[in-house]
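Each chain, written out:
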Amino acid sequence: MSNSVAKVCSMRADLGDGARVTARVVAVHDRGLGFGPLVLSEDLTAGHTTTGAARSLLVRTDGSPAAAGRLAAPAAARPGLVLTDTARESAGGQDTPPEVWINLAVAVVLLACPLIGIANRLVAATAQRRTEIAALHAP
């Protein structure tokens, strides 16, 4: 195990409302772990959002109806707060960005072209050898 000194650095960023801030980098992660490419503290972004609140909050429960009931009560008391089940949400695909569907369509077209070429080559090779195949089947 080597002793390494972590270099403290900061970065300049433009927030959603155009405000320029200097933030201190406290960690660098290689895996996403459910986060986006950048995670900011609530203190830093609090005054720079339209509602002053987080867009989403992930809560893990045991999936029981009792847990859903305990979450429903605070949600009902706050207008605009919506509870959704991530399993149901991800299964439907309603929230899938259009870029994903465009990328899928492009991938299908790119895969279809070589497959059509391979099928065409096999048909052409078989058609050229029709007389040889007929000679093999002749009595």
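Fair warning: this is a prediction, and the values are worked out from it, not measured in the lab. (Residues numbered from 1 in each chain as written. Predicted model: local features only at pLDDT ≥ 70, side-chain atom pairs only at ≥ 80, totals over all residues. Heavy atoms only, no water.)

Draft legend 1. Structural view of the overall build of the protein chain. If you tally the helices and strands in the protein chain, you get five helices and two strands. Starting at the N terminus and walking to the C terminus, you meet the elements of the protein chain as β-β-α-α-α-α-α. Buried residues in the protein chain amount to 4% of all 139 residues. A separation threshold of at least 6 residues defines the contact pool for the protein chain, and within that pool the share at least 24 residues apart is 17%. (Helix = DSSP H or I, 4+ residues; strand = E, 2+ residues; numbered from the N terminus. Buried < 20%, exposed > 50% of the residue type's maximum accessible area, 1.4 Å probe, protein only. Contact = heavy atoms within 4.5 Å.)

Draft legend 2. Structural context of the pairing of strand 2 (residues 20-25). Pairing of strand 1 (residues 9-14) with strand 2, which is carried by six bridges, proceeds in the antiparallel orientation. Opposite R12, over in strand 2, you have T22 as the bridge partner. The hairpin formed by strand 1 and strand 2 contains five residues between the paired strands, and G18 there has a positive phi angle of roughly 95°. (Pairing = 2+ DSSP bridges.)

Draft legend 3. Summary view of the confidence of the model for the protein chain. This prediction gives the protein chain a mean pLDDT of 76; 74% of its residues lie at or above 70. Mean pLDDT per element in the protein chain: helix 3 (residues 86-92) is the minimum at 56, and helix 4 (residues 98-128) is the maximum at 93. Contacts from residues 1-6, a stretch scored under 50 in pLDDT, to residues over four places away or in other chains number zero contacts. (pLDDT = per-residue confidence, 0-100.)

Draft legend 4. Representation of the pattern of salt bridges. For the coordinates displayed, the defined rule picks out one salt bridge. Here R129 ties to E132 by a salt bridge, and the two come within 3.0 Å at their closest N and O atoms. Among the residues examined, R129 registers a relative accessible area of 48% and is labelled partly exposed. (Salt bridge = Lys/Arg side-chain N within 4 Å of Asp/Glu carboxyl O.)

Draft legend 5. Focus on a nonpolar patch on the surface. Side chains of V59, L71 and L83 sit close together on the surface and give an oily, nonpolar patch of about 240 Å² of accessible area. Structurally, the position occupied by L83 is in the loop between helix 2 (65-76) and helix 3. For L83, a relative accessible area of 46% puts it in the partly exposed group. (Patch = residues over 30% accessible without salt bridge, like charges linked within 9 Å, V, L, I, M, F, W, Y side chains within 5 Å. Areas by Shrake-Rupley, 256 points an atom, 1.4 Å probe, with all protein chains shown as cover.)

Draft legend 6. Representation of the environment of T50 within the structure. Here T50 lies in the loop between helix 1 (42-45) and helix 2. C-alpha of T50 to C-alpha of D17: the two residues are 33 residues apart in sequence and 8.6 Å apart in space.

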